[in-house]
Amino acid sequence: MPQTVITLATRGQGLYEFTDQAAQFTRTAAGGGEGLLTVFVRHTSCSLLIQENADPDVKTDLYAFFRRLVPPSSDPSMRWIVHTTEGPDDMPAHIKAALTQVSIGIPVMAGRLALGTWQGIYLFEHRDRPHRREIVLHLST
């Protein structure tokens, strides 16, 4: 069962598409067959999403929604947060990751990801500062 690790450099909070890297790995590893691609991020303060990749406003609105849903711990509404040693964005990042997902399964048909027309695979960075995020791609055939 083939697998690889890709590394994404983030520049702060937001969505970072990596559909092309996952599709390239799948084409090479699947050899035209069927299977399941498991995508797993090896961190606790970011997550994964399959989301629309046609209109950039979708990314803007998702980021704004999650920032309103879980503001930084420096926000007065978040005074209840205890874990603050890694900065005001850290515990909110863990909460956002808990609300989303760190692993996604994507069917592979005829060697290609079975994504819909406007779907893309994204790393959802929840921290303010840049990070290097590792994503494991594992193909089961």
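Further up the page is the structure itself.
Notes on the structure in this doc start here. (Residues numbered from 1 in each chain as written. Predicted model: local features only at pLDDT ≥ 70, side-chain atom pairs only at ≥ 80, totals over all residues. Heavy atoms only, no water.)

## What to know about a nonpolar patch on the surface
Judged by side-chain polarity, Phe-65, Leu-69 and Leu-99 come together as a nonpolar surface patch covering roughly 300 Å² of accessible area. The partly exposed category is assigned to Leu-69, whose relative accessible area is 44%. (Patch = residues over 30% accessible without salt bridge, like charges linked within 9 Å, V, L, I, M, F, W, Y side chains within 5 Å. Areas by Shrake-Rupley, 256 points an atom, 1.4 Å probe, with all protein chains shown as cover. Salt bridge = Lys/Arg side-chain N within 4 Å of Asp/Glu carboxyl O. Buried < 20%, exposed > 50% of the residue type's maximum accessible area, 1.4 Å probe, protein only.)

## A closer look at the pattern of salt bridges
For the structure on display, the rule yields four salt bridges. For Arg-127, the salt bridge goes to Asp-89, with nearest N and O atoms at 2.9 Å. Of this pair, Arg-127 sits in the loop between β7 (119-125) and β8 (132-140) while Asp-89 sits in the loop between α2 (56-69) and α3 (90-99), and the two are 38 residues apart along the sequence. For the pair Arg-127 and Asp-89, one class covers both residues: buried. One continuous salt-bridge network, built from bridges that share partners, spans Asp-89, Asp-90 and Arg-127. (Helix = DSSP H or I, 4+ residues; strand = E, 2+ residues; numbered from the N terminus.)

## Digging into the packing of aromatic side chains
A complete count under the given rule lists two aromatic pairs for this structure. A ring pair is formed by Phe-65 and Phe-66, whose centres lie 5.4 Å apart and whose planes are at 85°; its orientation type is edge-to-face. The exposure class of Phe-65 is partly exposed, given its relative accessible area of 47%. Take Phe-66: its relative accessible area is 10%, and that puts it in the buried class. With centroids separated by 5.3 Å and ring planes inclined at 90°, the aromatic side chains of Phe-66 and Phe-124 adopt a geometry described as edge-to-face. Taken together, the residues span a long stretch of sequence, with Phe-66 in helix α2 and Phe-124 in strand β7 at a distance of 58 residues. For the pair formed by Phe-66 and Phe-124, the shared burial category is buried. By the ring-pair criterion, three or more aromatic residues cluster together here, those being Phe-65, Phe-66 and Phe-124. (Phe/Tyr/Trp six-rings, centres within 6.5 Å; stacked < 30°, edge-to-face > 60°.)

## Focus: helix α1 (residues 19-30)
The end-to-end C-alpha distance of α1, which contains 12 residues, comes to 16 Å, matching closely the 16 Å that a straight helix rising 1.5 Å per residue would cover. Taken residue by residue, α1 has Thr-19, Ala-22, Ala-23, Phe-25, Thr-26 and Ala-30 as its buried positions. End-on view of α1: buried residues confined to an arc of 165°, all on one side of the axis. Residues of α1 that are exposed and point more than 90 degrees away from the buried face comprise Asp-20 and Thr-28. One or two steps after α1, the chain reaches Gly-31, where phi turns positive at roughly 55°. (Expected span 1.5 Å × (residues − 1). Arc of directions from axis to C-beta.)

## A look at the environment of Glu-34
Position of Glu-34 relative to the elements: it lies in the loop between α1 and β3 (35-41). Spatially, the C-alpha atom of Glu-34 lies 8.7 Å from that of Ser-140, the residues being 106 residues apart in sequence. Look past the residues within four positions of Glu-34 in its chain and what remains in contact with it is Val-108, Met-109, Ala-110, Ser-140 and Thr-141. Polar contacts involving the side chain of Glu-34 include one to the main-chain amide nitrogen of Ala-110, which spans 2.8 Å. (Contact = heavy atoms within 4.5 Å. Polar contact = N/O pair within 3.5 Å; in protein donor to acceptor, adjacent residues only side chain to side chain.)

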